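# Observations on the model geometry
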Amino acid sequence: RWVKAHPQRFVGTFTLPMQSLELALEECEYAVGTLGLKVANLPANINGLYLGDPQLRPLWTALDRLGVVVWIHPDGVKDQSFQKYFLWNGIGQPIEETRVIASLMYEGVLDAFSNVKIVISHGGGYLPHYMARLDRNAAGQPATRKNLTRMPSEYLKCLYYDTCVYAPSVLEDLIRY
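These notes cover the structure that comes with them. All values derive from a computational prediction rather than experimental measurement.

### Some points on helix α3 (residues 57-66)
Listed as buried for α3 are Leu59, Trp60, Ala62 and Leu63. Angularly, the buried residues of α3 cover 160° about the axis, an arc narrow enough to put them on a single face. Lining the buried residues of α3 we find α2 (21-34), β2 (39-42), β5 (69-72), α4 (87-106), α5 (109-112) and β6 (118-120). Just downstream of α3, glycine 67 is the residue with a positive phi angle, here 70°.

Here it is in structure tokens:
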């Protein structure tokens, strides 16, 4: 109700039932078409299937067609080795953000759906700080470029990032890209 009453001040967001692609597509249509919501909140992966996976192309097609902004925030690392010392949050979240960006990039989603605005939480995790390594791989290992149309570091400009990064130096590094 507040979103409809004050569209200049509020943007409505929604989550999708990602356990079923069919249900997710139906809910996406309803959220955007009926409720007028504009931002889809997605996890980095669904039971180990990262968002760039080809199985999820119908979702990206719908998000693109509907003009939805995608906000990606992982829901934690479930692996037991990350539970001690709260490592699921301390290092697990940035790992998940790194993996989802790599998935979107290497599976061709960022090229195929370049009109979809994608926001990655926590400054994109670790990946923005290691792009030189991926560029080196792309230059020396042609198989890594299978779905890429440019160098990996150039894909960072295709994404948006939140600034919840916990240190100014992290944000400064991200801005350099």
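Having seen the structure, we can now continue with the description.
### Side note on unusual backbone geometry
Positive phi, close to 50°, is recorded for histidine 122, a residue that is not glycine. Summarising the element assignment, histidine 122 is placed in the loop between β6 and α6 (131-140). A relative accessible area of 18% places histidine 122 in the buried class.

### Observations regarding the pattern of salt bridges
Applying the stated criterion across every chain, the model contains four salt bridges. The salt bridge involving aspartate 173 is made with arginine 176; its shortest N-O contact spans 2.5 Å. With aspartate 173 and arginine 176 both in helix α7 (residues 168-176) and three residues apart, the pair spans about one turn of that helix.

### Some points on the packing of aromatic side chains
Summed over all chains, the structure comprises one aromatic pair. When the centroid spacing of 4.9 Å and the interplanar angle of 70° are considered together, the rings of phenylalanine 86 and tryptophan 88 count as edge-to-face. Look at phenylalanine 86 and you get exposed, because its relative accessible area is 51%. Overall, the relative accessible area of 23% leaves tryptophan 88 in the partly exposed class. Seen from the ring of tyrosine 155, arginine 150 lies directly overhead, with NZ or CZ sitting 4.5 Å from the centre.

### Quick notes on the sheet that holds β2
The sheet built from five strands is open, its strands ordered β1-β2-β5-β6-β7 with parallel pairing. Both outer strands of the open sheet, β1 (13-15) and β7 (160-161), are each paired with one neighbouring strand and no more. With respect to the sheet, α3 is in contact with β2, β5 and β6, its orientation differing from that of β2 by roughly 155°.

Rules and cut-offs
Residues numbered from 1 in each chain as written. Predicted model: local features only at pLDDT ≥ 70, side-chain atom pairs only at ≥ 80, totals over all residues. Heavy atoms only, no water. Buried < 20%, exposed > 50% of the residue type's maximum accessible area, 1.4 Å probe, protein only. Helix = DSSP H or I, 4+ residues; strand = E, 2+ residues; numbered from the N terminus. Arc of directions from axis to C-beta. Contact = heavy atoms within 4.5 Å. Salt bridge = Lys/Arg side-chain N within 4 Å of Asp/Glu carboxyl O. Phe/Tyr/Trp six-rings, centres within 6.5 Å; stacked < 30°, edge-to-face > 60°. Lys NZ or Arg CZ within 6 Å of the ring centre and 35° of its normal. Pairing = 2+ DSSP bridges. Axes fitted to C-alpha atoms, helices over the stretch in contact; angles between N-to-C directions.

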